[in-house]
Amino acid sequence: AAWLSVHDVVLTRPGVEPFVGLANYTYELTNPDFWAAVWRSLVFTISSTSIELVLGIGLALLMDQPLRFRWLLRSLVILPWALPTIVNALMWRWIDNAEYGALNALLVQAGLISSYQQWLSNPATAMWMVVIADAWKMTPLVAILVLAALQGISREQIEAARVDGAGTVSTFRYVVLPLLTPTLLIVLVLRTMEAFKVFDIVWIMTNGGPANETQTIAIYAYQTAYRAYDFGRGAALGYLIALAIMVLAALYLRLLGRVGRS
């Protein structure tokens, strides 16, 4: 891949592979299509990760309560994460189907829309449908990790806060949340890296469409290499994606180190 990234390798020109140095990298870094794909990847990453964190914390708090059927709740919550990504993507593509999808049927019966909508073919909604599908699958992972952190918190600290007059919201904000911060940062590292290089769920649901509205950076790299047959630029894109993920991970880990020292 390193060799390919510094050569002009196009499969439609067999045997012609001139050395071009960093030209593939500079071409992409000055290409508006590249930055548009980066922006879409950031939108997907920020949106899905935010939803997963909020819902994951809420589910973890619920599963941490002494409910009668808590074991059943925990079993049901883990099911979406246990599904293979391919199955999850196909399921949501059927749910969002414009002709017989369950989402349209539900919204029409509830009176929220008057007619069936093209959720995955509409540039305004396609990305959000993919975000919802990804959040549905990955929220359970966040919930389980946060639940493990919650069970490691001393109950004496929580009881002491309540004795001092703190309410439920204040106890969570000033006692529980600071103790959860290291775990939440680890979750952010894992989910940010995975979401930024997302490919499978987007490709199966939309193929990067409509009108490239869901074309993330990984799909852009795939189409460059295997649709345009430009392996040189495709390899350079792979290294740019890896570099971006390394930078994000380094920032998170540095922040995690500061939290640990404090």
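Provided above is the structure to which this section pertains.
Since this is a predicted model, take the numbers as computed values, not measurements. (Residues numbered from 1 in each chain as written. Predicted model: local features only at pLDDT ≥ 70, side-chain atom pairs only at ≥ 80, totals over all residues. Heavy atoms only, no water.)

**Quick notes on the environment of Ala133**
- With respect to the element layout, Ala133 can be found in helix H7 (residues 126–151).
- As for Ala133 and Leu103, which are separated by 30 residues in sequence, their C-alpha atoms are 12 Å apart.
- Residue contacts for Ala133: discarding those within four places in its chain leaves Asn88, Trp92, Ile201 and Met205. (Helix = DSSP H or I, 4+ residues; strand = E, 2+ residues; numbered from the N terminus. Contact = heavy atoms within 4.5 Å.)

**Overview of the side chain of Thr45**
- Mapped onto the elements of the fold, Thr45 is located in helix H3 (residues 32–63).
- A relative accessible area of 7% means that Thr45 is categorised as buried.
- Those residues in contact with Thr45 that lie beyond four places of it in its chain are Thr192, Ala195 and Phe196. (Buried < 20%, exposed > 50% of the residue type's maximum accessible area, 1.4 Å probe, protein only.)

**Details of unusual backbone geometry**
- Backbone torsion omega between Gly209 and Pro210 reads -5°, so that peptide bond is classified as cis.
- Phi is positive for Ala211, which is not a glycine, with a value near 55°.
- By secondary structure assignment, the location of Ala211 is in the loop between helix H10 (200–206) and helix H11 (217–226).
- Judged by its relative accessible area of 68%, Ala211 is exposed.
- Positive phi values are uncommon outside glycine, yet Tyr229 reaches one of about 60°.
- Looking at where Tyr229 falls in the secondary structure, it is placed in the loop between H11 and helix H12 (231–261).

**Some words on the packing of aromatic side chains**
- Overall, the coordinates contain 7 aromatic pairs when judged by the stated rule.
- A ring pair is formed by Phe199 and Trp203, whose centres lie 5.6 Å apart and whose planes are at 15°; its orientation type is stacked.
- Its relative accessible area of 26% is what places Phe199 among the partly exposed residues.
- When the centroid spacing of 5.0 Å and the interplanar angle of 70° are considered together, the rings of Trp203 and Tyr222 count as edge-to-face. Here the residue Trp203 occupies a position in helix H10, and Tyr222 occupies one in helix H11, the gap between them amounting to 19 residues.
- Joined through ring pairs, the aromatic side chains of Phe199, Trp203, Tyr222, Tyr226 and Phe231 make up one cluster. (Phe/Tyr/Trp six-rings, centres within 6.5 Å; stacked < 30°, edge-to-face > 60°.)

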